[in-house]
Amino acid sequence: MQKEIHSLLDKKIMFRFSLSVITLLFVLSLHGQANKDSSRVIASAIKVTLLGTGTPQPIIERFGPSILVQAGSETLLFDAGRGCLQRLRQINVTYDKINALFLTHLHSDHIVGLPDLWLTGWLISERAIPLNVFGPSGTDEMIKYLQKAFAFDIKIRVGDDKQSEEGSKLLVKEIQQGVVYEKNGVKVIAFKVDHHPDIPAFGYRIEYNGHSVVLSGDTRYSENLIRFAKGTDLLVHEVVIAPDTLSKSDPKYAILAHHTTPEQAAKVFNEVKPKLAAYSHISKLYGHTEEEILKRTKANYPGTIIMGEDLMVFSISDTVSVSTWKKK
C-alpha cells in the first residue's frame, strides 16, 4: 500500500514538472528576442512585425501605426505612420523589397511617415519599380498632391543622383470591401470598419497557406470586423482606455467615441476566437495604464491577449509564436 502511494506521488510530481516545462517554453516563446533580420521568413509561415503601435502622441517608445506582413515571397506594409522607415531599417527590410502598401484610412498618424518611406526609401534602396498603394476614397488625390509637393526633389534625384524615375512612382488603387490583392498565394481582403464619424476606413485580413492575420485598423466595436475576422490565427486590434466618468463635453471624449474600449475588444475576441489577440494603436487617456487595459480585457475574455510593442514579431503557422525586440 505504501509503495503504491509513493508511486502515485512520483507520477503526480512528474505531471507537475511536465506542466512547468510546457509553461516555461510558452513563456519563452512569448518573450524571446526578435530576429533582427526580417528578410528571413519561414516559407510556410506568415510573419507579422508591429513597426509602430502608437497614436498621434509623439512617443519615442511607440512610433506611428504601421505593420509589416511577410508571407511567402510577398512583403506587405499596412499604414505608414511616423518612423516606419526607421523601424524597417532596424529589421533590415529595405523599401525596394516592399511589394505593396495598404492604408486603413487617411488620418495623419497613419500616413505621416509616407513621404519619408517613399522618397528616402527610394533614394537609399535605389528602387527601380513603382510601389502599389491601396487605400480608401481620397487616397488618389492625396498621392497626387504629395507628388506635386515633392516634384522638385524627385526631379533632382533623377537628374543629379541618377535614381530610377520608375522607382519614384506610386500607383494608386482606391478600394472597396472584398479581395484587393492576390499574388503568389497571398490574399488580402479589405473590410469596412466603424471609425466614427463617417470616415472611410478599412481593416484587412491577410491569408496564406491556410493561415491568416487580421488587422483592425482604427475602429469602434464592429460587427463587420467580427464577420471577416472569424477563426483567424492572429487578431491585431486597436484599443482606448479612459475614465468611466468621461463626459461628452470633455475635449478628449471624441477619442473614446472613435475607438474600442477593452470591454468592447473583449466582446470582439469572444466572437472571433483567434488563437492569439494583440493590442496595437494603444490610446491611454488621463493617466490610465497598459496594465489596466489588460486587466479589464481579461475580466471579460478568457483567451490569450498580449500588449503589442514596437518591433514585436508574430510567426503564424500551426501555432502562433511571439518574440519581442531586444536592444544590443
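Whatever comes next refers back to the structure up there.
Residues numbered from 1 in each chain as written. Predicted model: local features only at pLDDT ≥ 70, side-chain atom pairs only at ≥ 80, totals over all residues. Heavy atoms only, no water.

Novice: Would you take a moment to explain the side chain of S125 for this structure?
Specialist: Position of S125 relative to the elements: it lies in helix 4 (residues 114–125). A polar contact is formed between the side chain of S125 and the backbone nitrogen of D96, at a distance of 3.3 Å. The contacts of S125, once residues within four sequence positions are left out, are T94, Y95 and D96. (Helix = DSSP H or I, 4+ residues; strand = E, 2+ residues; numbered from the N terminus. Polar contact = N/O pair within 3.5 Å; in protein donor to acceptor, adjacent residues only side chain to side chain. Contact = heavy atoms within 4.5 Å.)

Novice: In this structure, what is going on with the pattern of salt bridges? I would like to understand it.
Specialist: Between side chains of opposite charge, a pair can form when the charged atoms approach closely. Applying the stated criterion across every chain, the model contains 13 salt bridges. A salt bridge links E166 to K169; the nearest nitrogen and oxygen atoms lie 2.6 Å apart. On the basis of relative accessible area, E166 is assigned to the partly exposed category, the value being 36%. Ionic pairing is found between E263 and R296, a salt bridge with its closest N-O pair at 2.7 Å. Pair noted here: E263 is in helix 9 (residues 262–272) and R296 is in helix 10 (residues 290–298), with a separation of 33 residues, a long-range link. Connected via shared salt-bridge partners are R62, K284 and E290. (Salt bridge = Lys/Arg side-chain N within 4 Å of Asp/Glu carboxyl O. Buried < 20%, exposed > 50% of the residue type's maximum accessible area, 1.4 Å probe, protein only.)

Novice: What exactly am I supposed to notice about the environment of T75 here?
Specialist: Turning to its location among the elements, T75 is positioned in strand 4 (residues 74–78). On the accessibility criterion, T75 (10% relative accessible area) is buried. On a C-alpha basis, the gap between T75 and A100 in space is 7.3 Å, while along the polypeptide they are 25 residues apart. Residues in contact with T75, not counting those within four places in the same chain, are L68, V69, Q70, V93, K97, I98, N99 and A100.

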